[in-house]
Structures are given as C-alpha cells and as structure tokens.
Amino acid sequence: MTDTAQQTVSFVVNGTPVSVRAGHPHLLAALREELGITSPKDGCSPSGQCGCCTVMIDGKAQVSCQYPVTRAEGRTVTTLEGVDQTERKKYSDAFAACGGLQCGFCIPGIVMRAKSQVDKKGADLKREDMARHLGAHLCRCTGYVKVLDAIEAVAKGTPVDVSLPGGVGSRGL
Amino acid sequence: MLHAALHLTEHTRADILRIDTSAAEAAEGVVAVFTRRDVPGTNMVGIIHKDWPVFIGEGERTSYAGDVLAIVVAGTRQQARAAAALVRVEYSVLRPIVDAEAAIDDPEIAVWGTDSNVLSRSEYARGDADAALAASAHVVHETFRTQRIEHAFLEPESTLAVPDTAAGTMHVYSGGQGVWDDRDQICAILGVATDRVTVELVSNGGAFGGKEDMSNQGQTALAAWLLGRPVKCTLSREESLLIHAKRHPIRMEYWAGCDAEGRLTAVKARMVGDSGAYASVGMKVLERAAGHATGPYHTPAVDVQSVAVRTNNPVCGAFRGFGANQAQFAMEGCLDRLAEMVGISGWEIRKRNVIHPGEVWGPGQIMDEGCAGAEACLDAIKPQYDAAVASGAAVGLGLGLKNSGLGNGFREVTRAVVRFEEDGTVEVRHGWTEMGQGVHTVALQVAVEELGLDPARIRVIVDTTRQLGFGQTTGSRGTLMAAASVQAACAEAKAAGCAPGVDYTGEYVVDWTQHLGDPDHPNPTIHSAFGYAAQMVVMDRETQAIERVVAVHDVGRAVNPTLCEGQIEGAVHMGLGYALTEDFPSDERGFPTNMTLRSLGILRAKDVPPIDVTIVECPQPRSPYGIKGVGEIGLVPTAPAVAAALHAADGVWRTTLPMKPKNSDNDD
C-alpha cells in the first residue's frame, strides 16, 4: 500500500513552484492549510456545491474541493492572490462600487469564475450568460443582482465610483 | 494552534450508556478528547432559557441530531476530524417525538431536562371575533402550513480560542451574532468571572439568525482553556446543517371575515410551531408570529393563540422574519381569498384595510406616524400594479410589516464609544455584529455625519473589552441601534471638544414597549418601530415563470441606499426560495433529510428574475434620523405575492409552502 504521506505533488501556484503533501483530501485543503493561501473559501467541502473555493487551473475555473491534489501535478494554479494587482483592483473597485458583496464569503470564488468569462469574452459577455456561469455558485446575501452588475461593469470597462461613504444617506462602500 | 472536531449523536432521543474515547485518543496527532465530565462550570447554556447542553454525558440523554458528545483536539483539522469519527458510543435508543401537534399531549417528555413539551403560549384578543365572524358578509376559513428552512449562510461556523495561561485569561474569536452573550455563556461553562474572557467579533460570512445560539464556541473555548493552547474549530457543512437552529415550520388555522365592501371584521388564528428540542428563541418566534398575525391591516376584532412545541426535530430559532413571514403568508392568503369573494383586486382590498396612524393594530397597539409607510408603499406600487394587470400577466401583490427591535417590554440598550487617537485615526466601537449587512458602514457614516470626519481615518471595532453590547444583532435593529448609539457618542465627543485618548461613550435606550396579551395594557406598544413593504410578482400566465419582482420598501431613512437595496434584493431571493423551492424536512427519527447545499433548493443566479427596488422614506418618530429597519422585511410579502400570482395564473389557492406551479413536473 502506498504511503501517501510520503508522496508530494508539485505544481505552480500564483507563479511560484510548490510541493505539497499528497495526503490532503483535495486541492482546496492543500492551498489553505499547507500553503496558507486563504482567498479560496471552504463553504461545503468536499461536496463542491457552493463554488466558494473556485480557482483557475491551467486557465480554467475549477471547484478546488472537488479537485484531487494529485491531479494538480505539473499544472498552473491561480487564485485571487495571484491575479495581477491592477486587474484585481478593477474587480474589487467594481464590486465595492456596485454593492456586489455583503458578507463577501462567496466573492473570491465568484471573481475567479467571472475572470474566466471576462478573459474570454470581454465586453461581449452578456449578463444572462454570466448568470448561467454562476450556476456553480451560491450566494445567500445578494440575490446575485449587484454581483452581476459588478461583473458587467468590469466586462464593459465602465468607470465606477469608489468613494468611501460620506454621511447618512450616501451610497459609498 | 491546534484543531478540533466534534462528535455528534447518532440518535435524536437516546440515553448515553457509555462514551469510549480510547480509540480517538490513540489516533494520529490527537492531543486530547474532552467530554461532559471535563466541564468545570455549567453544562447548560442558552440565550434565554439555559436548557441547551454543551455536551451530553454518560447517564444523560440526547434530544436532537446536533447534540455534541465529545470534542477531539489534534495537530491538524484532518487528524481531528478523522479521530472524532473513532469515538464509540453506546446508546439506549428511545422513541423520537417528531409530530408537534401530537407532542402537546404526549405523556413522554421530548427534551431531556424539561418538564413540558409546550415551550410557550402567546395569546391576545380584542372584541368578540367569533360573533364578528358569524355576522360577516364573507368569511374565509383556511389552514396554512409553512416549512422548516435552513439559513445556508456560506461560511460554516468557526471559533478560535486563545488562552493566556499566565494571565488566567482567554481571547475568543467568534463568528456569532452576539459576542457579549457568547462571552457570558463561555464564562459560565468555565466557571470564571466575565472579566477573564474577551470575545472579539469576527465579521462573519452570513448569519440570518443562524448564529445567535452558540454552535461550537463553548466546546472550543473549553478545550483551549483546559489545554492552555490555542484551539480552532470549524464545522463542516453537514455539522452546520445538524447543529444550528432553523426557521420554524408553523401550522396556522385562520378565520378571517369582512363586510360586503371587503373591510375586515375579525381575524382569528390558532398557530402551532414545531420548535425542535432546545428553546433558543423559539418562544419569541411564536410570539412574533402571533403579534404579526393580522398583517399591516386594521382589524376591529381579533383572537390569536400560538404555541411553540418541543420535539426531537431540529432546533428552530431565529431566522430572518422570525415568525412574521409565516403569519403573513396566512393572513395575506386570507385577504386575497376575501378579495375574490367581494370581487375586488388584491390592491383594492389592501387599500381598504391598510392600517393608518392613530388606529389600533393587531395586539392592540395604537400605531404612530411611522405606520403611514404602509399606505405609502401601497400607493407607490399602484402604477406598476395597474400596468402589470393591464398587460395580461398574472399578478400577485403582498403587503407586509416587520418590527425593528425586540419590543415586547424588553429594555433594549445600545452603547458606542468614539475615541480619537494621537495618530489622527478615530476608533468607533459599537455593540453589533457585522455579518454582511453593513452595520460597520452605518457606524462609520454616522460618525462622518456627526463629526465631519474623513472616512479614511475611521476604524470600526466590536469586542467585549467595553461593555457596549446587550444581546443579539437581530430583529432588524442593527442599523437603528448602532446609529443611535454612535450618534450619542459623537454628541459626547463634540461637547467635550474631541480630546484624544478619551473614550466618549453614548447610550440609547428603548424602554417604552409592553408585552402582548398583558391585561394591564389593553393598548400595548409591542414594538417601537416597524418597517413596511409592498411587493408585486409578475408572472407569465402560461409558464408560471416569474418575469419580475417589484419591491417598494419604507425604511424610515436609508442610511446607505446601496446597502438597503442589497438587503432587499437578497431577501427577495430568499423569499422566492421560501415560496417555491426551499425546504428542510426531517424524518421519523428526527434527522434532517436534505443534507447537502444543493438539496436545499436555494435559487441559483439564472433562476432569479429581475428585482426592481424602490425605497420610500416615512420617518419613524423617536428614532435616530427616522431609521426603521430593513434586515428582515424583504422576505415577508414575497411568498404571499407569489401565491397570489400563481392563483391568478391557474385559479388554484395554495396553503402549503413551498408551492408548486400547477403544471410542475415535480412530485409532491
């Protein structure tokens, strides 16, 4: 019987080569518990039904609690931490300005999914199509309305107002 | 840091003969296993009644599927969880008591340590409802049933406890909704004074009422305390589904009468809520259902009784809406049936009955100027309602109200501190839980409003190092209470010239409410404030697909309109699920049968119709900035509006949630 505790799996995360223990139950656990990469969230592992743990693997959005660690061998994994800062700020500005997050727990996974669609389609990304692609994701706070507003703003390059809130009655976040 | 995992019961009602932790203790990486016998203080906690055991020990008895038998502490989370499965328990299994109505008269007591299966009764009456019904032109008599619902906040419960053995103190990071309640309960478990434990709020990934009761804070704090080492415990989704309190399923038998013009003459209601095992706030939910039984309408005669019943089913407690959703699903259903009998529209019957300032409402409260919001919402939605009806769509309308604040005679206190630091930053400390609703933002905005500060200088903190909190962030009161206390603290600061290094404390108290059904108060002020909302569902007649939802909400004063809209949109999403797809049933053993997120029936993004939100501001007297509240009301009128739209489409009156379209392929 193979002693999996002895084996390691090597891949690239956010541009850095890493080796992790093969014995993690899934890639999400390896990222969070061994590598300290905590933007992908654990909402329901190992069932893969909430999308909070979505990362990009070889450019494709994947639910990382459904992804065996051993399958990551030799691949390129990207989480929010590894997204170019200017690009990441476009997402955070849009989500803040549009009110696209409330508790925020589902957002890192949703942003990785959105990025995979925006990267492919840019301004041609339709709201209804993005809504379909969010099928792997659950949000209990927003009803998805302002989430889709924010993704639309990023896709179209619409300027957003990121002022901090003012006094009572102001909209800033 | 060590990691912990819980071992839960395999039976909802069973005597524990033996707990064998030896295999768990011997497992790889395990540092310790703790059980009932390790509790130095009290084993019974709870936010109101202290009836919820921290552990069930040998010689004791389980009462629901989320009972905890042991906590296993190990080097990694994986090791702790693997070892927790090795705890071996011998049970003497008893008959689970799972039918709430039958439980009332069951000779056996469902919940260990209690002396009755009736947790609470709430009742009030005005006038002679039976006589008024007998004399009415039209009467509706219908029994409605609503379902148990799971909160499904996305972040499972997590606690980190960090002891300081040298100082004899501990710092606990909690994702609960009431860190002062967590602190007090933890200290009672440990048998120490409350100044020995500081609980710091971690802004948590959604709660909706499901994080008011402690989940794993007690067991985790105990483990860390006894080991003298930091311990973190995060529940799995399955454990979360099993442990925390749910939305009450309630059976409601209603009689409602009106005159020939559709003016209500009387409402009579008999409600039975399955409250599950431990009390939590179950008695308050059924009290709230009773109080809101007549919706936002004028009813000359009323007779309402509600009962909360203990069973071995999942514990039910706080969940956004808190009994008002259930009651108003029934009341709105009665009103729509009466409208059909009279031959007027859903809008028209509501217009003829909506409560006005100065009128007596429900349990006898004389409504203040704030209640003008009910009619304001109804009037504001009329143009869209008329257009939708004229378009030939199937249209359903709901009108609802929801209290802000606990009311019912509670003395509600809120405090805040504003402190100017030497470095130019400003700390704003308040007593409420940030769970995504933006209460920290509200606190910041009030400080900006009152002191003219640059928002970038402000830091908002919630922890128990100051005595600022009294109870749970619940009852749609976070914005109102946080704003009031921060406003008061800013007034103190201004009066003293905003000197640095000083805690400027402000306090706001709501103490002018009375209990419902109190014979000494025939016109009690049950709640100090209510929010109001009108929601319309526009549905395709053929497919019964919802084309859009229109939500018109009176929030008193929108501190942050974007956050208000977000609350309403999120609540409508929850309300549509409540109406059509969500359920959390349990089996004959008392175990939940929907044990995955997907099985809960929560709507995904592609299934959410467009939601059109309009905010109305009818200021609430005696409230800071005229604020009401908006946290819960967004899903009060939704299911009624869906029910009315479905009836408009297929002529079927529905009485049970969740509702199925007539041409649905799903089996019931």
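Worth saying up front: this structure is predicted, and the values here are computed from it rather than measured.

Looking only at helices and strands, one finds five helices and five strands in chain A. Computed over the C-alpha atoms, the radius of gyration of chain A is 17 Å, within 12% of the 16 Å expected from 2.2 N^0.38 for a compact globule of 173 residues. Projecting the C-alpha coordinates of chain A onto the three principal axes gives extents of approximately 65 × 30 × 25 Å. When each of the 173 residues of chain A is scored for burial, the buried share is 50%.

Turning next to the overall build of chain B. If you tally the helices and strands in chain B, you get 15 helices and 26 strands. Taking 26 Å as the expected radius of gyration for a compact globule of 668 residues, we find that chain B reaches 25 Å, a close match to that expectation. Counting only C-alpha atoms and orienting by the principal axes, one finds that chain B spans roughly 75 × 65 × 55 Å. The long-range fraction of contacts in chain B, counting pairs at least 24 apart against all pairs at least 6 apart in sequence, stands at 80%.

With that out of the way, let us pick up the interface of chain A and chain B. On the side of chain B, 46 residues touch chain A, which itself brings 35 residues to the contact. Mapped onto the side of chain A that touches chain B, the elements with two or more residues apiece are helix H4 (127-133) and helix H5 (145-156) of chain A. Looking at side-chain class alone, the side of chain A that touches chain B contains 17 nonpolar, 13 polar and five charged residues.

All names here are of chain B. Where helix H9 (residues 324-342) meets helix H15 (residues 638-650), the closest approach of the two axes is 8 Å, and the angle between their N-to-C directions is 30°. Relative to H15, H9 is oriented so that their crossing is right-handed. Residue-level inspection shows Asn 325, Gln 328, Phe 329, Glu 332, Gly 333 and Asp 336 of H9 in contact with H15, the latter providing Ala 639, Pro 640, Ala 643, Ala 644 and His 647. Here the contact of H9 with H15 is composed, by residue class, of five nonpolar, four polar and two charged.

This part covers the domain arrangement of chain B. Residues and elements named next belong to chain B. Looking at chain B, the domain boundaries give domain 1 (2-94 + 157-234), domain 2 (121-150 + 246-407 + 518-650) and domain 3 (412-510). Every contact between the two is made by 22 residues of domain 2 and, on the other side, 17 residues of domain 3. Of all the secondary-structure elements, those providing two or more residues to the side of domain 2 that touches domain 3 are strand S19 (394-404), strand S24 (529-539) and helix H14 (561-580). The residue inventory of the side of domain 2 that touches domain 3, partitioned by class, reads ten nonpolar, ten polar and two charged.

All names here are of chain A. Along its sequence, chain A is carved into domain 1 (8-82) and domain 2 (85-156). The straight-line distance from the C-alpha centre of domain 1 to that of domain 2 is 20 Å. Between domain 1 and domain 2, the residue contacts involve 15 residues of the former and 13 residues of the latter. Where the side of domain 1 that touches domain 2 is concerned, the elements lending two or more residues are strand S3 (54-57) and strand S4 (60-63). The residue makeup of the side of domain 1 that touches domain 2, split by class, is nine nonpolar, four polar and two charged.

Take the sheet that holds strand S20 (residues 412-420) of chain B next. Residues and elements named next belong to chain B. The four strands lie next to each other as S22-S21-S20-S23, forming an open sheet whose pairing is mixed. Each of the sheet's edge strands pairs with one partner strand only, and the pair in question is strand S22 (458-461) and strand S23 (504-510). Each neighbouring strand pair of the sheet contributes to a mean axis angle of 20°, computed without reference to strand direction. Here strand S21 (residues 426-429) pairs with S22 via four bridges, running parallel. Along S22, the bridge assignment pairs Val 426 with Ile 458. In this fold helix H12 (residues 439-451) packs onto S20, S21 and S22, with an angle of close to 135° to the strand it touches most, S22. Against the sheet, helix H13 (residues 478-495) contacts S20, S21 and S23, and its axis sits at roughly 140° relative to S23.

Attention now goes to the packing of helix H3 (residues 107-121) of chain A against H5(A). Residues and elements named next belong to chain A. Two elements in contact, H3 and H5, have axes separated by 11 Å at closest approach and are oriented at 35°. You can see that H3 and H5 cross each other, and the crossing is right-handed. Only Val 147, Ile 151, Val 154 and Ala 155 of H5 make contact with H3, whose side of the interface consists of Ile 110, Ala 114 and Val 118. The residue makeup of the contact of H3 with H5, split by class, is seven nonpolar, no polar and no charged.

About the cut-offs
Residues numbered from 1 in each chain as written. Chains lettered and ligands numbered in written order. Predicted model: local features only at pLDDT ≥ 70, side-chain atom pairs only at ≥ 80, totals over all residues. Helix = DSSP H or I, 4+ residues; strand = E, 2+ residues; numbered from the N terminus. Rg over C-alpha atoms; globule rule 2.2 N^0.38 Å. Buried ≥ 20, exposed ≤ 12 C-beta atoms within 10 Å, placed from the backbone. Contact = placed C-beta atoms within 7 Å. Nonpolar A, V, L, I, M, F, W, Y, C, P; charged D, E, K, R; others polar. Axes fitted to C-alpha atoms, helices over the stretch in contact; angles between N-to-C directions. Left-handed = near helix turned anticlockwise from the far one by under 90°. Domains from an automatic or database assignment. Pairing = 2+ DSSP bridges.

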